[in-house]
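Observations on chain architecture
Spelled out from the first residue to the last, the chains are:
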Amino acid sequence: PAPADQETWCLVFDEPTRRLLVRHEWQASRHSGCDEFEVAEFLKQEGAAQAALIESLFLVPADA
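This write-up is about the structure you can find in this document. (Residues numbered from 1 in each chain as written. Predicted model: local features only at pLDDT ≥ 70, side-chain atom pairs only at ≥ 80, totals over all residues. Heavy atoms only, no water.)

1. Thoughts on the pattern of salt bridges
Going by this rule: By definition, a salt bridge exists where a carboxyl oxygen of Asp or Glu is found within 4 Å of a side-chain nitrogen of Lys or Arg. Comment: elements are numbered from the N terminus, with helices defined as DSSP H or I runs of at least four residues and strands as E runs of at least two.
One pass over the structure, following the stated rule, counts two salt bridges. In this structure, Glu 38 and Arg 19 form a salt bridge, with 2.2 Å as the shortest nitrogen-oxygen distance. Remark: Arg 19 occurs in strand β2 (residues 19-27) and Glu 38 occurs in strand β3 (residues 32-38); sequence separation between them is 19 residues. A salt bridge links Glu 36 to Arg 23; its shortest N-O distance comes to 2.5 Å. Taken together, the positions of Glu 36 in strand β3 and Arg 23 in strand β2 put the pair 13 residues apart, joining distant regions of the chain.

2. Examining the packing of aromatic side chains
Counted only if it meets this: Each pair of aromatic rings taken from Phe, Tyr and Trp, with Trp reduced to its six-membered ring, is defined by centres within 6.5 Å and is described as stacked if the planes are under 30 degrees apart, edge-to-face if over 60, and tilted in the remaining cases. Three labels apply to residues, based on accessible area from a 1.4 Å probe with only protein chains included: buried if under 20% of the type maximum, exposed if over 50%, partly exposed otherwise in between.
Under the criterion given, the structure shown has three aromatic pairs. With a centroid separation of 6.2 Å and 25° between ring planes, the pair formed by Trp 9 and Phe 37 is classed as stacked. Highlighted residues: Trp 9 in strand β1 (residues 6-14) and Phe 37 in strand β3, separated in sequence by 28 residues. Residue class for Phe 37 comes out buried when judged on its relative accessible area of 16%. Taking the centre distance of 6.4 Å and the plane angle of 45° together, the rings of Phe 37 and Phe 42 count as tilted. Overall, Phe 42 belongs to the buried group, its relative accessible area being 2%. Chaining the aromatic ring pairs together yields one cluster made of Trp 9, Phe 37 and Phe 42.

Spelled out as structure tokens, the structure:
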């Protein structure tokens, strides 16, 4: 990633399907995009994104 690249992870509620999803959005110098994951699918993955979302939601380190 370049210093100017932006990336966010957040929880969103999909009204039509009544599901809670994790949304990943990114903006880079050459491309941008958005992906959505079921919460259970996202929590099966390990890594910095999962830890960052958990920390931002619960204000506690993910490894605590």
